[in-house]
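Below are the chains, spelled out letter by letter.
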Amino acid sequence: MKKSTDELLNEIRSADSIDSYLSDNVENISCKKVSEMLENILAEKGLVKSEVIAKSEISQVYAYQIFSGVKEAPARDKVLSILIAMSLSLDEVQSFLKLSGYPFLYAKKKRDSIIIFCIENRKSVIETNNELYSRGEATL
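These lines cover the structure that appears in this document, whether it is placed above or below.

Here is what the cut-offs are and how they apply
Every chain is numbered independently, its residues counted from 1 as its sequence is written. For a predicted model such as this one, the threshold for reporting local features is a pLDDT of at least 70, and the threshold for listing and counting side-chain atom pairs is 80 or more; totals across whole chains, interfaces and linings nevertheless cover every residue. For side-chain calculations, the full set of non-hydrogen atoms in the structure is used, while hydrogens and water are omitted. Here's how the labels work: a residue is buried when its accessible area is under 20% of the maximum for its type, exposed when over 50%, partly exposed in between, all with a 1.4 Å probe on protein chains only. Each helix is a run of DSSP H or I of at least 4 residues and each strand a run of E of at least 2, with the numbering of both proceeding from the N terminus. To be clear, the arc concerns the directions from the helix axis to the C-beta atoms. Note on contacts: a residue pair qualifies if any of its non-hydrogen atoms lie within 4.5 Å across the two residues. Throughout, nonpolar core names a set of buried Ala, Val, Leu, Ile, Met, Phe, Trp, Tyr and Cys residues whose side chains join them through atoms within 4.5 Å. In summary, the pairing rule links any two rings of Phe, Tyr or Trp, Trp by its six-membered ring, whose centres are within 6.5 Å, and it sorts them by plane angle into stacked for under 30 degrees, edge-to-face for over 60 and tilted for everything else.

**Side note on helix α4 (residues 49–56)**
For step 1, the next point in the chain: Considered for burial, the residues of α4 that qualify are Val52, Ile53 and Ser56. With its buried residues spanning 100° around the axis, α4 presents them on a single face.
For step 2, the next point in the chain: Structurally, α4 contributes buried residues whose contacts are with α3 (34–45), α5 (60–68), α6 (76–85) and α9 (125–134).
For step 3, the next point in the chain: Immediately downstream of α4, the backbone of glutamate 57 shows phi near 65°, a positive value.

Written out as structure tokens, the structure is:
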């Protein structure tokens, strides 16, 4: 049974050891790599990797290294480019960022709010980069 974050925090606080907590909560703790999570999304949504990579505006070599797991900790912006190229919803993007250990998009940050707007309005990576650039923010 899946447990909420609050339930897990309470268990951590009352655990005798981290090993017992981890063994009791194997199904509730994400240990997947970015590459595995991206591959899962491709499969779930029936997306074609080469098409996603083309839309991501990332160099093919670098993007394939992300998908293969060679780049174990790619830059957050590169991951965002791929997620935008996959046309994920904001909730899906935020969930991915949280599960993979990246900072989520924060509406109080100008750059993040522009990215959020673009995701909500289904803009492409190119369009997102144009919005960022025209407002003096670093592109993805």
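There is more to say after this.
**Side note on the nonpolar core**
For step 1, the next point in the chain: Counting residues in each nonpolar core, the largest one holds 33 residues, and the members touching the most others are Leu38, Leu83, Met86 and Leu105.
For step 2, the next point in the chain: Of all the secondary structure elements, the ones that give two or more residues to this core are α3, α4, α5, α6, α7 (90–100), α8 (110–120) and α9.
For step 3, the next point in the chain: By residue number, the principal contributor to this core is α6, which donates six residues.
For step 4, the next point in the chain: Among all residues touching leucine 83, those that are not within four sequence positions of it are Leu38, Ile41, Leu88, Val93 and Phe96.

**Some remarks on the packing of aromatic side chains**
For step 1, the next point in the chain: If you walk through the whole model with that rule in mind, you get one aromatic pair.
For step 2, the next point in the chain: Plain terms: the ring middles of phenylalanine 104 and tyrosine 106 are 6.2 Å apart, the flat faces sit at 80° to each other, and that makes the pair edge-to-face.

**Points about the environment of glutamate 137**
For step 1, the next point in the chain: Assignment of secondary structure puts glutamate 137 in the segment after α9.
For step 2, the next point in the chain: Spatially, the C-alpha atoms of glutamate 137 and arginine 111 are 6.2 Å apart, while their sequence positions differ by 26 residues.
For step 3, the next point in the chain: Aside from chain neighbours lying at most four places away, what touches glutamate 137 is Lys110, Arg111, Ile114 and Leu132.

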